[in-house]
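# An overview of the molecular structure
Given next are the chains, with one letter for each unit.
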Amino acid sequence: YLTSFYISISNHSIAHSMRNMWKKCPLISQESVNKIKRKILSVRLTENIKNVILIIMKKTDFKERMIKVKFTELSEKEFTAFEKDHPYGSFYQTIGWGKLKKRNGWNYYLVGLKDSEKIVAGALLLEKKLPMGLSFIYSPRGFLIDYLDEKLLTTFTQEIKKFARKHHAIFIKIDPYVQLRERDIDGNVVENGFDNEKAIENLKKLGFRHNGYTLN
């Protein structure tokens, strides 16, 4: 399992590929959309194909989808329902754990990222106060998110960093509940099994420092 990450604060084929790309990239900004449009108009494609691509972009309406994606604090009911069904959910990402830590001098927060009204990422954040008005933020067993989705992970991490700055945090720690590779009962890597190496790469790109693994 991953642990201890820190961060200091054809023509038809072209149209088909564009349509699939747009469906998978809800976090793209309007500025990026405009750049892509200009690029499309500059390349050597037939006018019909250019029109098809631009129509696909218009129908997908990414500007509207971008507006609906927002970082917010979640209610206990919202967070519990999301954590319960998430593949990386654990006891350490529950309200009960947050309340237990509160008895020991920590503050806890339930935060998430919503696309329209659907929660697409979430986290229990623990805050420990330090001298001189400082603190640090810890998300036990990491965020409840698809670590292989670089765009989603980037957006959520950026919002977490903003949240941390407001609380004068000097660093953020996570220890994702993510198995690195699929292994058999003898500990051998399973051929064609899952491989989450990209999760580490994505976190490092965002400034996290990887401090090793755990088998717990």
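Residues numbered from 1 in each chain as written. Predicted model: local features only at pLDDT ≥ 70, side-chain atom pairs only at ≥ 80, totals over all residues. Heavy atoms only, no water.

## Topic: the pairing of strand β5 (residues 135–139)
- Of all five residues in β5, five are buried; the element is thus mostly enclosed.
- Here β5 shows no split at all, with S135, I137 and S139 on one side and F136 and Y138 on the other all buried.
- Sheet analysis places strand β4 (residues 118–129) next to β5, joined by four bridges and oriented antiparallel. Following the sheet pairing, L126 is matched in β5 by Y138.
- Here β4 folds back onto β5 in antiparallel fashion, the turn holding five residues, of which M132 has a positive phi close to 65°.
- Relative to strand β6 (residues 169–174), β5 runs parallel, the two sharing four bridges. The residue of β6 that forms the bridge with S139 is I174.
- Since β5 and β6 lie parallel, the crossover through helix α7 (residues 150–166) that links them has a hand, and here it is right-handed. (Buried < 20%, exposed > 50% of the residue type's maximum accessible area, 1.4 Å probe, protein only. Helix = DSSP H or I, 4+ residues; strand = E, 2+ residues; numbered from the N terminus. Pairing = 2+ DSSP bridges. Right-handed = clockwise from strand over helix to strand, strands pointing away.)

## Here's the deal with helix α5 (residues 76–85)
- When α5 is considered as a whole, its buried residues turn out to be F79, F82 and E83. End-on view of α5: buried residues confined to an arc of 95°, all on one side of the axis. Opposite the packed face of α5, turned more than 90 degrees from it, sit the exposed residues K77, K84 and D85.
- Residues of α5 that are buried in the fold lie against α6 (95–102), β3 (106–115) and β4. (Arc of directions from axis to C-beta. Contact = heavy atoms within 4.5 Å.)

## Remarks on the confidence of the model for the protein
- Averaged over every residue, the pLDDT of the protein is 79; residues scoring 70 or more account for 67%.
- Under a pLDDT of 50 for its full length, residues 10–19 has, in the predicted model, 10 contacts with residues more than four places off or in other chains.
- Note on residues 62–67: pLDDT is under 50 here. Beyond four places in sequence and across chains, it has 15 contacts. (pLDDT = per-residue confidence, 0-100.)

## Some remarks on the side chain of Q93
- Mapped onto the elements of the fold, Q93 is located in the loop between α5 and α6.
- Overall, the relative accessible area of 0% leaves Q93 in the buried class.
- At 3.1 Å, the side chain of Q93 forms a polar contact with the side chain of S139.
- Side-chain polar atoms of Q93 contact the backbone oxygen of G142, separated by 3.1 Å. (Polar contact = N/O pair within 3.5 Å; in protein donor to acceptor, adjacent residues only side chain to side chain.)

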